[in-house]
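# Fold and geometry: a report
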Amino acid sequence: MHDILPDMKQLDNSSEVLTQGVINIFEKEQRQVDCYRPFGALDFSLPMDGDSKTFMPTLTIEGQRGEPTVTRPLNDHAFFQLMNKLNFDIRTARNTMPLAPDSFTTFINDLRKRKGDEIAFLRAYDGVGAGQGHFRAICSDRFKVIDNANVIKTVFPVLANSDGEWTVVKTLFSDTKMLMSFRSKKHVGEPVVNDLMALALQITNSEVAQGSFNLQQMMLTLACLNGMLTSNNLKKKHLGKAVNLDDFQVLTPQTKQKIADATLSEIKDNISYYSQEKSFNQQIELMRLAHEDTLPDNVDAYKLCENLTKELKDHDKKDNKLFLESLYKTRTQDGYKNKPISRATLVNTVTGVANLNDRFNNADVQEISQKAGNKILHMSKSAWRNLTSSAVPEPLVA
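Below is a summary of the structure that appears in this document. Predicted, not measured: the structure shown is a model, and the values here were computed from it.

### A look at helix H3 (residues 76-85)
Residues lying three or four places apart along an α-helix face the same way, a consequence of the helix completing one turn every 3.6 residues. For H3, the full list of buried residues reads His77, Ala78, Phe79, Gln81, Leu82 and Met83. Where H3 is buried, its residues contact strand S2 (42-45), strand S3 (58-61), helix H4 (90-96), helix H5 (101-115) and strand S6 (135-140). The opening residue of H3 is Asn75, an N-cap whose side-chain oxygen sits 3.2 Å from the backbone nitrogen of His77. One or two positions beyond H3, positive phi appears at Asn87, with a value near 55°.

### Observations concerning the sheet that holds S3
Spatially, S2-S3-S4 is the arrangement adopted by the 3 strands of the open sheet, whose pairing is antiparallel. Edge positions in the open sheet fall to S2 and strand S4 (70-73), since each of these has one partner strand only. Mean inter-strand twist for the sheet, computed between neighbouring axes without regard to direction, equals 20°. Here 4 bridges tie S3 to S4, and the two strands are oriented antiparallel to one another. Considered in S4, the bridge of Thr60 is made with Thr71.

### Comments concerning the pattern of salt bridges
For the structure on display, the rule yields 17 salt bridges. Its salt-bridge partner being Glu207, residue Arg136 comes within 2.9 Å of it at the nearest N-O pair. With Arg136 in strand S6 and Glu207 in the loop between strand S9 (197-205) and strand S10 (213-221), this residue pair connects regions lying 71 residues apart in the sequence. A network of salt bridges, in which partner residues are shared, links Asp34, Arg123 and Asp147.

### So, the packing of helix H11 (residues 319-330) against helix H12 (residues 343-352)
It is the contact of H11 with H12, at a shortest axis distance of 8 Å, that shows an interaxial angle of 125°. Put simply, H11 runs oblique to H12. In terms of crossing hand, the pair formed by H11 and H12 is right-handed. On the side of H11, the interface is formed by Phe323, Ser326, Leu327 and Thr330, while H12 contributes Thr345, Leu346, Asn348, Thr349, Val350 and Gly352. Grouping the amino acids of the contact of H11 with H12 by side-chain chemistry returns 4 nonpolar, 6 polar and no charged.

Parameters and conventions
Residues numbered from 1 in each chain as written. Predicted model: local features only at pLDDT ≥ 70, side-chain atom pairs only at ≥ 80, totals over all residues. Heavy atoms only, no water. Buried < 20%, exposed > 50% of the residue type's maximum accessible area, 1.4 Å probe, protein only. Helix = DSSP H or I, 4+ residues; strand = E, 2+ residues; numbered from the N terminus. Contact = heavy atoms within 4.5 Å. Polar contact = N/O pair within 3.5 Å; in protein donor to acceptor, adjacent residues only side chain to side chain. Pairing = 2+ DSSP bridges. Axes fitted to C-alpha atoms, helices over the stretch in contact; angles between N-to-C directions. Salt bridge = Lys/Arg side-chain N within 4 Å of Asp/Glu carboxyl O. Parallel < 35°, antiparallel > 145°, perpendicular 65-115°, else oblique. Left-handed = near helix turned anticlockwise from the far one by under 90°. Nonpolar A, V, L, I, M, F, W, Y, C, P; charged D, E, K, R; others polar.

Below, the structure written as structure tokens:
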């Protein structure tokens, strides 16, 4: 932790939003405990929580090789994972527990026993206090660990020592996901006059099987902080080849660390490349061309937004209104005001949806919108015509 403090302070831009989240991650790292166990060695129970008067899903793990038997409650995410692995609907589980706790416990243990020797990778924190001492994940035995603390120790020195003058834009630290985005104060360009864009990087990771590690290069519109993902990205899945429990246990800590270090080294190399000015200039040129790809003045904005909803698979009809609101905001920004709607306008429109209302703090919504911007930017000419042609009224015949 002390090794990266100078780098963290440099990136934090005096806002402390990064520092507080990172300190919390490193504090939790000290209490982290993981183990591999067959489902047959687990026992499910539903003790009553004395404070909340609710039943608490709990697992007991039999001790092995001199280790003590451990009993811990499951947090919401771990309980969801357990039900998923037992092929039991989570909503049914939550509804059944308070009505028939004894029958539910027996049923879940019967399902668990059918798993027999199937191995689970369990992650927990030792300690006391809210959320501590709980199982936080029940993962597959194929889960490859890429922990947040190690990602931070890999990424921060590269950014802090590059010539891009990087600063944090946004951080989200939750029980299931980490998101950090940074922008360069030096690598800034204008695809057209007054449309200032900066090179940015976004990093997401989940230690508890709620998503892969993702490093994504972004273009950030400085007028509104809308972010668009470029095609430059690195994705490292946490799932790999199945682990034989006996084979895994004979690996030395040094060997396990070498496996993890190989992944972190790849992350480091990609961070170095994506933070360079050369790759940024290529994206600026794409946005310049997108500004030139304009639509007629009489284009139907409502129909255009309706077409966007149909084209972008992760959106539905309720997003029409959001697209319209974002389109209006885009057309009042420098670089877009008093100009016809262009492909660049729609790129900024779909990415801008992520910053409306309370969506700014939702990591999944952010990623969906950022990917949508990249899709519009790289859309083929024929796909662009299919998206926009029905929104352009036919000319009147005299």
